[in-house]
Amino acid sequence: MSHQTIATTPIAGQKPGTSGLRKKTRVFMGPHYLENFVQAIFDVVGAAGKCFVLGGDGRFFNAEAAQVILRMAAANGVARVIVGQGAVLSTPAASHLIRLNQTDGGIIMSASHNPGGLDEDFGVKFNMENGGPAPEAVTEAMYKRTTEIEAYQIWQGQDVDLGRLGRQHLGAMIVDVVDPVTDYAALMESLFDFKAIATMFAGGFSMRMDSMSAVTGPYAVEILQNRLGAAAGTVINAQALPDFGGLHPDPNPTWAKALMDEMFSQAAPDFGAASDGDGDRNMVVGRGIYVSPSDSLAVLAANAHLAPAYAGGIAGVARSMPTSAAADRVARALGVESFETPTGWKFFGNLLDAGRVTICGEESFGTGSDHVREKDGLWAVLLWLNILAVRKQSVAQILAEHWAKFGRNYYSRHDFEAIASDKADAMMAALRQSLPSLIGHQIEGMQIAAADDFAYTDPVDGSISRAQGVRIVFADDSRIVLRLSGTGTQGATLRLYLERYVAGPEGLDLEPQQALAAIIRAAHTLAGIESFTGRQAPDVIT
Ligand code: G1P
Ligand code: ZN
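Computed from a prediction, not measured in an experiment: that's the story for all the values here.

*Asks:* Just checking my understanding: could you explain the overall build of the protein for this structure?
*Replies:* Scanning the protein from N- to C-terminus turns up 18 helices and 27 strands. Taken against the 2.2 N^0.38 rule, which gives 24 Å for 542 residues, the C-alpha radius of gyration of the protein at 23 Å falls within 12% of a compact globule. Referenced to the eigenvectors of the C-alpha coordinate spread, the extents of the protein come out at roughly 70 × 60 × 40 Å. Within the span of the protein, comprising 542 residues, buried residues form 58% of the whole.

*Asks:* Just checking my understanding: could you explain the packing of aromatic side chains for this structure?
*Replies:* Here the distance between the centres and the angle between the planes together describe a pair of aromatic rings. One pass over the full model with this rule turns up 12 aromatic pairs. Arranged with centres 5.6 Å apart and planes meeting at 75°, the rings of Phe-201 and Phe-205 form a pair that is edge-to-face. Judged by its relative accessible area of 7%, Phe-201 falls in the buried class. Consider the rings of Phe-454 and Tyr-456, whose centres lie 6.4 Å apart with planes at 35°: the pair is tilted. Across this residue pair, the class does not change: Phe-454 and Tyr-456 are buried. Taking the ring centre of Trp-403 as reference, the NZ or CZ of Arg-408 above it sits at 3.8 Å.

*Asks:* I'm lost on the sheet that holds strand β17 (residues 359–362) in this one. Help?
*Replies:* The strands that make up a sheet are held in pairs by hydrogen bonds between backbone atoms, and each pair lies either parallel or antiparallel. One open sheet holds the four strands; their spatial order is β16-β15-β17-β18, and the pairing between them is mixed. Of all strands in the sheet, those bounded by a partner on one side alone are β16 (337–341) and β18 (366–369). Between one strand axis and the next, the sheet turns by 15° as a mean value, whatever way the strands run. Both strand β15 (residues 316–320) and β16 contribute to a ladder of five bridges, which runs parallel. Bridging across to β16, Arg-319 finds its partner in Glu-340. Along the sheet, helix α10 (residues 293–303) makes contact with β15, β17 and β18, crossing β17 at roughly 170°.

*Asks:* How should I be thinking about the side chain of Arg-59 in this particular structure?
*Replies:* In this fold, Arg-59 is placed in the loop between β3 (51–56) and α3 (62–75). Of the polar contacts made by the side chain of Arg-59, one reaches the backbone oxygen of Ser-112; its length is 2.8 Å. In this structure the side chain of Arg-59 is engaged in a polar contact, spanning 3.0 Å, whose partner is the backbone oxygen of Asp-121. Beyond its immediate stretch of four places on either side in the chain, Arg-59 contacts Ser-110, Ala-111, Ser-112, Asn-114, Pro-115, Gly-116, Asp-121, Phe-122, Pro-242 and Phe-244.

Parameters at a glance
- Residues numbered from 1 in each chain as written.
- Chains lettered and ligands numbered in written order.
- Predicted model: local features only at pLDDT ≥ 70, side-chain atom pairs only at ≥ 80, totals over all residues.
- Heavy atoms only, no water.
- Helix = DSSP H or I, 4+ residues; strand = E, 2+ residues; numbered from the N terminus.
- Rg over C-alpha atoms; globule rule 2.2 N^0.38 Å.
- Buried < 20%, exposed > 50% of the residue type's maximum accessible area, 1.4 Å probe, protein only.
- Phe/Tyr/Trp six-rings, centres within 6.5 Å; stacked < 30°, edge-to-face > 60°.
- Lys NZ or Arg CZ within 6 Å of the ring centre and 35° of its normal.
- Pairing = 2+ DSSP bridges.
- Axes fitted to C-alpha atoms, helices over the stretch in contact; angles between N-to-C directions.
- Contact = heavy atoms within 4.5 Å.
- Polar contact = N/O pair within 3.5 Å; in protein donor to acceptor, adjacent residues only side chain to side chain.

See below:
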């Protein structure tokens, strides 16, 4: 084993986006690419004497990258790394291990729901000692460091045996290889009424959990089948594959179509769920009924007290700005605070740390609580199961009662993918310029009451994030939001978010695209989507 200082030069474009640095796998495999970024992380957060967690979603290049990161950690003087067996950890499990072991943070290798493989995507992100994604000031500092880097430190020598549980050494650095599931499963057991859920399964309750050939397979089998007694075969696509079977491991009606088809068939189980590449996202589906993520957040907030961990009530609820306001209505009814943050889980961290909120969620199939500092797919599934076990009602009944009480926020997101970046930028620039003139304007028989570019002042540390998405709000609280994705690796993805509130009791059972038709037309007209991008229809509707 020998310590090496390798000369390098800055590589352009190592700027972390909504959730860490994501690039094509081949880019990450290029000379010095991973190394430069990892050195920038250590240069910014410090390495000597520190303890970190390391793991990833098991996608192509995960294991090789882990060996590089370990050798660099050792050469930078890190004291100890806790790594998931096989270099695998779901994102929420990594967040939990950081907190449980009070480490100085962790490195997570994932491109979340993006496809994996040599010609697909890879990613690296740093989570802080609170278990949450690094805030913008830190990722900016890392990016800045990548623009001036001249050398990185690495050990040359043999690989760590990541298949073997227990303690090993790499130079002076301790490497503890841990089972990825054990601590996480124990955490879930401490939050929920496993007895009540097990009784429900024993009584014939049926479920389908689609792990989408991604990281949650072993977690879901252990928790749902082994500990809660769900029937063998409840978890499908349970084996994690480096290319996720060639599919998008993204739990939404488009990519989890097989699950949707089963849930809408004659033989549908009582409850269906899916999770994404790294296990932080979830989709829940009842028999014959889809639960939009915004509604799921609202239902979970309204019913969280039915689970032991939240029996004393919740402190508050936070949602990302494009997420529907359904959760705000629940917060108001509960008499707790609600917050509207920019897109990306990192914006929830301060609110969770300060105890201002207990439950958070995003329309992009992310929900979670203060048990970790990431969104958590299986956590959401288990909270739903806990609620179903206590209320002894179907998902459809629970939703119907929720809408009857709070009204319904019809909601949809339309994604236009792989648009040429200059066209997407031009469209957003023109739209931003037109905002002041839109206020008071009539379109599709609706009046625009407000139009702005969302800016957020963090209530805890006062930091300001600007240009987080264009909002056009109508007099009846209906809303159009447009922003460009910060996680894509190819061109630009335009996200168009649509929302309309119906108080009821009439009109609570419309088909969402129909309920939103006028708002969709207005959005196309106001933004000039077709004239700027040439696109008439979205690629994905959720
Ligand atoms: C997307 C989602 C966002 C989520 C992020 C990471 O980011 O929209 O809610 O936090 O992935 O999972 P975007 O591509 O829109 O920047
Ligand atoms: Zn994810």
